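Chain residues, written in single-letter form:
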Amino acid sequence: MNGNPTPVMIDTDPGVDDFIAILMAIRSSELDLLGLTTVGGNTSLENATLNALRTVEIEGRPDIPVAIGAAAGRTRPFEYADHFHGETGLAMALPAPGIEPLEIPAVAWLAQTLAQHSNTITLLPVGPVTNIARLIEEHPEAANQIDRMIVMGGAVDCPGNATDYAEFNTWNDPEAAEIVFGAGINTTLIGLDVCNQVAFTREIISDGAGPGRLMMDAWFAEHPDSEEFHLCDPLAVAVAIDPTLVRTESISVAVDTSGGPERGNTMRGGDGPPIDVALEVDVERAVRLISGLAL
Ligand code: BDR
Ligand code: CA
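Conventions used here
- Residues numbered from 1 in each chain as written.
- Chains lettered and ligands numbered in written order.
- Predicted model: local features only at pLDDT ≥ 70, side-chain atom pairs only at ≥ 80, totals over all residues.
- Heavy atoms only, no water.
- Near = heavy atom within 4 Å.
- Polar contact = N/O pair within 3.5 Å; in protein donor to acceptor, adjacent residues only side chain to side chain.
- Areas by Shrake-Rupley, 256 points an atom, 1.4 Å probe, with all protein chains shown as cover.
- Nonpolar A, V, L, I, M, F, W, Y, C, P; charged D, E, K, R; others polar.
- Salt bridge = Lys/Arg side-chain N within 4 Å of Asp/Glu carboxyl O.
- Helix = DSSP H or I, 4+ residues; strand = E, 2+ residues; numbered from the N terminus.
- Buried < 20%, exposed > 50% of the residue type's maximum accessible area, 1.4 Å probe, protein only.
- Donors = N, O, S within 2.8 Å, 3.2 Å for Na, K, Ca; no water.
- Pairing = 2+ DSSP bridges.
- Contact = heavy atoms within 4.5 Å.

> Residue-level account of the site of ligand 1, with values.
Every residue near ligand 1 is listed here: Asp 17, Asp 18, Asn 42, His 85, Val 126, Met 152, Asn 161, Glu 167, Phe 168, Asn 169, Cys 232 and Asp 233. Asn 42 places a polar side-chain atom, nitrogen or oxygen, 2.6 Å from an oxygen atom of ligand 1. Protein contact buries 94% of the 280 Å² of open area that ligand 1 shows by itself. Residues belonging to the shell around ligand 1 are distributed by class as follows: four nonpolar, four polar and four charged.

> Account for the pattern of salt bridges, naming residues and giving values.
Pairing is possible between side chains of opposite charge, provided their charged atoms come close. Applying the stated criterion across every chain, the model contains 13 salt bridges. Between Arg 285 and Asp 242 there is a salt bridge, and its shortest N-O distance comes to 2.9 Å. A residue pair is termed long-range when its members are at least 10 positions apart, and Arg 285 in helix H13 (residues 283-294) and Asp 242 in the loop between helix H12 (232-241) and strand E9 (246-251) qualify at 43 residues. Under the relative-accessibility criterion, Arg 285 is labelled partly exposed at 28%.

> Explain the coordination of the calcium ion (ligand 2) to me, using residue names and the numbers behind them.
At this site the calcium ion (ligand 2) is bound by Asp 13 (OD), Asp 18 (OD), Asp 18 (OD), Val 126 (O) and Asp 233 (OD), with donor distances of 2.3 to 2.7 Å. Sequence positions of the donors to the calcium ion (ligand 2) reduce to the motif D-x4-D-x107-V-x106-D. Here the residue Asp 18 occupies a position in helix H1 (residues 16-27), and Asp 233 occupies one in helix H12, the gap between them amounting to 215 residues. This pair shows no difference in class: Asp 18 is buried, exactly as Asp 233 is.

> So what about the pairing of strand E12 (residues 275-281)? Which residues, and what values?
In terms of burial, E12 is a largely internal element, five of the seven residues being buried. Judged from the six bridges that link them, E9 and E12 form a sheet pairing that is antiparallel. Paired with Ile 251 across the strands is Ile 275, a residue of E12.

> Any details on the environment of Cys 195? Residues and values, ideally.
Topologically, Cys 195 is positioned in helix H9 (residues 192-195). The class for Cys 195 is buried, based on a relative accessible area of 0%. In this structure the C-alpha to C-alpha distance between Cys 195 and Val 151, which are 44 residues apart in sequence, comes to 12 Å. Not counting chain neighbours up to four residues away, the residues in contact with Cys 195 comprise Met 152, Ile 190, His 230, Leu 231, Cys 232 and Leu 235.

So, in C-alpha cells, the structure goes:
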C-alpha cells in the first residue's frame, strides 16, 4: 500500500452485492470507510437502511455511521428487485440491528463530511444515484469537494439488465443519473460492460468461511438454476482499491429520461463533460481481489 488509506463513502441499497461490497470496503487496508448513506432500489429504503446497519454490525464495525437517504426516485417510485435479492433485500436472514442510523439525513451528512475531508473522499454510489443528484443541486460547494466518484451504473456498449436497454440503477432514476454524469465530477463508471464479466460461481465461493460466503450460499440456494452471481457493486470497490483493474475510455454519456422503452439507457454521444467509462476488465485479478476480501 502507498501512503494512507483512501477515505471512502458508499451510497448503497443493500442488496446482496452491496453487502459484499461493504464487507470489502471495511476489510481493505487501502480504504477507510467513513460511512454509508442509504437509498431505496433493490429493496425499500427501510429495508436498505436496516441491512446497512446489520452489515456493519456483523462485520464488528458498529461505529461506522449510516444515514438515511431517498425513498423514491426523482419522478417515480423505485421498482424493487425482490426476485433477485430476496424480499428483505438480502438472501440471508440477519438479526435485527442493535444500532441506530444517524439523525442527520444522508444528503446533509454527505455535504458535511465532504467539507470536513476536503478533496480527499472517493464516493462510491452503488444504487440509484438519487442522493448524489440532490447533493449536487443542494450543496454544490460540497459536491465540488469530491475527489473521485466511482459509480456502479449504466450499460454503455451492451444491453441492460432491468430492461433490454437499461441497467437497474440508471433505470430506477435516470433523471438523477443525468445530473450526476453531467456534473463535471471526476467520475469512473462501472457498468454492465465490465460487471457482466466478473462473477462468483459455486466453486469460487466454496473457499470462503465468513459472512460473505454464507450470504452467497444463501443466494445460490435461492437461485438453483443460476451458475453465476455478477459482482457489480464489489467491482466498484475493487476499482477504488486498484484502478488498474479496468481500462476506461473518456466518453460523454447521455441518459434516456423519456417515458419510452429506452428509459434509463446510457449511450455515447451526450453533450456534457466526458466521464471515464470502464469498457474492459482484468477478470482474473478482479475476482481474486474480491474473493480475497469478501469471502
Ligand atoms: C446493480 O443493481 C442492483 O441490483 C445491484 O445492487 C447493483 O447495484 C446492478 O445492475
Ligand atoms: Ca446496489
